[in-house]
Amino acid sequence: MTTTKMATNIPGWGADARPADRPAFPRLSEPRPAVGVHWKQPDQQRVTTEIFHSIERPGVTAVFGTACPPRGISGMIRRRAYKYSESRMRHWLMLLAADRVDVVEGLLGDLGRGRIPNLFKEMGLAAEYKRKTLRLVGGSMLLGAGALMVGWMVRRRA
Amino acid sequence: MLAMTYRGPFRVRVEEKDEPRIEHPNDVILRVTRSAICGSDLHLYHGMVPDTRVGQTFGHEFTGVVEEVGPSVQNLRRGDNVLVPFNISCGTCFFCQREMFGNCHETNPYATAVGAIFGYSHMAGGYDGGQAQYVRVPFADVGPLKIPPGVSEEDAVMCTDAYPTGYQAAEMAEISTGDTVCIFGAGPVGLFAAKSAWLMGAGRVIVIDHVQYRLDFARTWANAETYNFRELDDVVLHLKRITDGLGPDACIDAVGAEAAGSAMQSLTGRMLMVQAGSATALAWAINSVRKAGVVSIVGVYGPTFNAVPIGNALNKGLTLRMNQASVKRHLPRLIEHIQAGRIKPSDIITHRVPITDIPEAYHMFSSKLDNCIKTIVMPHPQ
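This structure is a prediction, so every number in the text was calculated from the model and none was measured.

Participant: So, the overall build of chain B: which residues are in play, and what are the values?
Facilitator: Assigned secondary structure in chain B consists of eleven helices and 17 strands. At 20 Å, chain B has a C-alpha radius of gyration in line with the 21 Å of a compact globule built from 382 residues. On the principal axes, the C-alpha backbone points of chain B span a range of 60 × 45 × 40 Å. Residue burial in chain B is summarised as follows: out of 382 residues, 69% are buried. Restricting the contact set of chain B to residue pairs at least 6 apart, pairs at least 24 apart contribute 72%. Here chain B displays about 11,900 Å² of accessible surface, and carbon together with sulfur accounts for 51% of that area.

Participant: Could you give an account of the environment of Thr350(B), with specific residues and numbers?
Facilitator: Residue and element names in this part refer to chain B. Locating Thr-350 in the fold gives a position in the loop between helix H10 (327-339) and strand S16 (351-354). Exposure remark for Thr-350: the relative accessible area of 33% places this residue in the partly exposed category. As for Thr-350 and Lys-374, which are separated by 24 residues in sequence, their C-alpha atoms are 5.5 Å apart. In this structure Thr-350 touches Asn-371, Cys-372, Ile-373 and Lys-374, once residues within four positions along its chain are discounted. Within the local environment of Thr-350, its side chain forms a polar contact with the side chain of His-351, the two groups lying 2.9 Å apart.

Participant: An account of the confidence of the model for chain B is needed here, citing residue identities and associated values.
Facilitator: Looking at chain B as a whole, the pLDDT averages 97, with 100% of positions reaching at least 70. Across the interfaces of the predicted complex, the ipTM metric reaches 0.94, alongside a pTM of 0.93.

Participant: Residues and numbers for a positive patch on the surface, please.
Facilitator: Taken together, Arg80(A), Lys83(A), Arg88(A) and Arg90(A) make up a surface patch of like positive charges. A residue is classified by how much of its surface remains accessible, and Arg90(A), at 42% relative accessible area, is partly exposed.

Participant: Provide a residue-level description of empty space enclosed by the protein, including the pertinent values.
Facilitator: Considering all chains together, one arrives at three cavities of 30 Å³ or more under this definition. Of the pockets and cavities examined, the largest cavity occupies roughly 220 Å³. Surrounding the largest cavity, 21 residues form its lining, Met48(B), Pro50(B), Ala276(B), Gly302(B) and Pro303(B) being those nearest its centre. Looking at the lining of the largest cavity, the element that brings in the most residues is helix H3 (residues 89-112) of chain A, giving three residues.

Participant: Quick rundown of the sheet that holds strand S13 (residues 250-253) of chain B? Include the residues and the values.
Facilitator: Residues and elements named next belong to chain B. Strand order in this open sheet of six strands is S12-S11-S10-S13-S14-S15, and the pairing throughout is parallel. With partners counted over all chains shown, the strands left at the sheet margins are strand S12 (225-228) and strand S15 (319-322), one partner each. For this sheet, the mean inter-axis angle between neighbouring strands, taken without regard to orientation, is 20 degrees. Note that strand S10 (residues 180-184) and S13 share four bridges and pair parallel. Within S13, the position partnered with Ile-183 by the bridge is Ile-252. In the packing of helix H3 (residues 162-172) onto the sheet, the strands contacted are S13, strand S14 (294-297) and S15, and the crossing angle to S14 comes to about 160 degrees. Set on the sheet, helix H4 (residues 188-199) makes contact with S10, strand S11 (204-209) and S13; between it and S11 the angle comes to about 170 degrees.

Participant: Account for unusual backbone geometry, naming residues and giving values.
Facilitator: Residues and elements named next belong to chain B. Phi is positive for Phe-10, which is not a glycine, with a value near 65 degrees. With respect to the element layout, Phe-10 can be found in the loop between strand S1 (2-8) and strand S2 (11-16). Judged by relative accessible area, which is 37%, Phe-10 ranks as partly exposed.

Participant: Tell me what's going on with the interface of chain A and chain B, and back it up with residues and numbers.
Facilitator: Of the residues lining the interface, 83 residues belong to chain A; the matching set on chain B comes to 87 residues. Summing the contributions of chain A and of chain B, the shared interface buries around 7,100 Å²; its carbon and sulfur component is 53%. The tally of links between chain A and chain B comes to ten salt bridges. Between Glu15(B) and Arg115(A) there is a salt bridge, and its shortest N-O distance comes to 3.5 Å. For the pair chain A and chain B, the number of links is 53 residue pairs in polar contact (both at pLDDT 80 or more).

Participant: Can you explain helix H5 (residues 212-221) of chain B? Please cite residues and give values.
Facilitator: All names here are of chain B. Turning to H5, its buried residues number three or more, namely Tyr-213, Arg-214, Leu-215, Phe-217, Ala-218 and Trp-221. Lining the buried residues of H5 we find H4, S11, S12 and helix H11 (358-366). One or two steps after H5, the chain reaches Asn-223, where phi turns positive at roughly 50 degrees.

Participant: Which residues make up the side chain of Ser288(B), and what are the values?
Facilitator: Residue and element names in this part refer to chain B. With respect to the helices, strands and loops of the structure, Ser-288 is situated in helix H8 (residues 280-288). By relative accessible area, Ser-288 is classed as buried at 0%. Reaching out from Ser-288, the side chain makes a polar contact with the backbone oxygen of Trp-284 at a distance of 2.7 Å. Sequence-distant contacts of Ser-288, that is, excluding residues within four places in its chain, are made with Phe-184, Val-236, Leu-239, Lys-240, Leu-246, Gly-247, Pro-248, Cys-251 and Lys-316.

Participant: Give me the nonpolar core: which residues, what numbers.
Facilitator: All names here are of chain B. Ranked by size, the top nonpolar core spans 122 residues in total, and within it Leu-30, Ile-183 and Tyr-362 carry the most contacts. The biggest single contributor to this core is H4, with eight residues. Filtering out sequence-adjacent residues up to four positions away, Ile-183 remains in contact with Gly-190, Ala-193, Ala-194, Val-205, Ile-206, Val-207, Ile-208, Ile-252 and Ala-254. Listed in part, the 27 residues of the second largest apolar core include Val-236, Ala-257, Ile-286 and Tyr-301.

Participant: Just give me the short version of the environment of Ser29(A), but keep the residues and values in it.
Facilitator: Within the secondary structure, Ser29(A) is located in the loop between helix H1 (3-9) and helix H2 (72-81). Setting aside residues no more than four positions away along its own chain, Ser29(A) makes contact with Gln97(B), Arg98(B), Glu99(B) and Arg329(B).

Participant: How would you sum up the domain arrangement of chain A? Please name residues and give values.
Facilitator: Often, the extent of an interface is quoted as the loss of accessible area upon association of its parts. For chain A, the assigned domains read domain 1 (49-117) and domain 2 (118-158). On a C-alpha basis, the centroid separation for the pair domain 1 of chain A and domain 2 of chain A is 33 Å.

Participant: Before we move on, can you summarise the layout of surface pockets with the specific residues and values?
Facilitator: Over the atoms a probe the size of a water molecule is rolled, and this reveals where empty space is left. Put simply, the second largest pocket is a space of about 650 Å³. Along its surface, the second largest pocket is lined by 34 residues, and Thr66(A), Ala67(A), Cys68(A), Lys17(B) and Asp128(B) are the ones closest to its centre. If you list the elements that add at least two residues to the lining of the second largest pocket, you get H2 of chain A together with S1, S2 and strand S8 (134-137) of chain B. The biggest single contributor to the lining of the second largest pocket is S8(B), with three residues. Here the lining of the second largest pocket is composed, by residue class, of eleven nonpolar, nine polar and 14 charged.

Scoring rules and cut-offs
Residues numbered from 1 in each chain as written. Chains lettered and ligands numbered in written order. Predicted model: local features only at pLDDT ≥ 70, side-chain atom pairs only at ≥ 80, totals over all residues. Heavy atoms only, no water. Helix = DSSP H or I, 4+ residues; strand = E, 2+ residues; numbered from the N terminus. Rg over C-alpha atoms; globule rule 2.2 N^0.38 Å. Buried < 20%, exposed > 50% of the residue type's maximum accessible area, 1.4 Å probe, protein only. Contact = heavy atoms within 4.5 Å. Areas by Shrake-Rupley, 256 points an atom, 1.4 Å probe, with all protein chains shown as cover. Polar contact = N/O pair within 3.5 Å; in protein donor to acceptor, adjacent residues only side chain to side chain. pLDDT = per-residue confidence, 0-100. Patch = residues over 30% accessible without salt bridge, like charges linked within 9 Å, V, L, I, M, F, W, Y side chains within 5 Å. Salt bridge = Lys/Arg side-chain N within 4 Å of Asp/Glu carboxyl O. Lys, Arg positive; Asp, Glu negative; His and termini not counted. Charge placed at Lys NZ, Arg CZ, Asp CG, Glu CD. 1 Å grid on protein atoms, 1.4 Å probe; cavity = no way out; pocket = protein on both sides within 12 Å on 5 of 7 lines; lining within 4 Å. Points joined across faces, edges and corners; volume = space filled by probe spheres on them. Pairing = 2+ DSSP bridges. Axes fitted to C-alpha atoms, helices over the stretch in contact; angles between N-to-C directions. Buried area = accessible area lost by both parts, 1.4 Å probe. Core = buried A, V, L, I, M, F, W, Y, C linked by side-chain atoms within 4.5 Å. Domains from an automatic or database assignment. Nonpolar A, V, L, I, M, F, W, Y, C, P; charged D, E, K, R; others polar.

The following block contains the structure:
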């Protein structure tokens, strides 16, 4: 396609062809406070729950999220993980391990409150039922066949 | 209030949660009017992002109406209808002063390498997100933007992440008039990157994916030349053959950690998680782009390491550019494009669901059911 054709056929073709029209040009702008800022230093958010911070910085940031404070064994693992810098593999692996423990703690917490999690609902499998019935039926049949096969093998060994 | 909460890999629930409160003088509380599910939410949903805690509410693409205002807020009032960039930025740190709002150093205590993002694990600040009826928005005088005239609520929600990320991907590709640009990934970000490449004067825009309905959409909506890599024996070889043996001038990775297409990458990156996601698209981008070309990366990867052909990047003299989108920096220009009718971002929305259907919406998006490209959550009954 020629440039003339592109300009005709493609909405907005070339509107930002000049680098100067692109918002991130030049790449690094002159340092200045962002539009909307009316402070020299931001106020510090009060720490009201346990917040970890990377040891690559001196303390917590001016603001931070307070969702889901650490709890239980997963919290202990996270507490340990934040003693290592972000460049250490163990930092991230411990956090991933804590995430898996947290899932078990979440399930136990549900059961402790007398709530049995509706896994079918939580996994959104109704979407399969509504939109791809065959795949769900196929998957269920495969699972059923697998379970029957395992049962048959166990009985045979017994 | 009702909010989506994470329960574990592939499991989310909608439940009653305490409403957020002002925790810092420059906070506002928003009544969420639209919230989108982003492709990168799927990395959380699949349990791939470290420090994703059970009970967290996801959602970093949302619009809303200001419900409560902190004592130091000057630029917003109760009742203002705003769109909120996915980055939380202080406006005054070293990086914000240079308009790198995706790299703010004063909003995420948990990781220095990562800026703060709403509802995106504690690795990105530990904030609850907008897939809820209400959300806390810190530094309300910096991030949120009143939705301008001529921009619908649904166009606005696309301006919080997907559209600026796609635009920045094209911008980082340093496109010159007539360039051939290849985009890996026909999801929302890839589609916006394709549209933006044309805005920057590209001569040819190629999109690679394996989800046929998305490729069909890329061809009709973004005027792209599309290829399904499942139908190609060797993607890199194909790209070389259709570009006079040199390769595209620029390649964009708009896929990130969950790329399909290489058994070894999928095994080590997605199943065993011994690397920070499957880097198939990035490897293809590096290997197919022409010598001295540009590879622009907006696909998200984890914090550890990935197997990528960095030696080829060196030998080919490539420029690699990447970042989280600096949304606030791009918004004025992107809104001009919407108002001028050059793009209608809400065209990519395929599904609108009530908040109670979020588990099904995640499953549908994750499994690419029902020709799903972009899902919008309606937190309050319409």
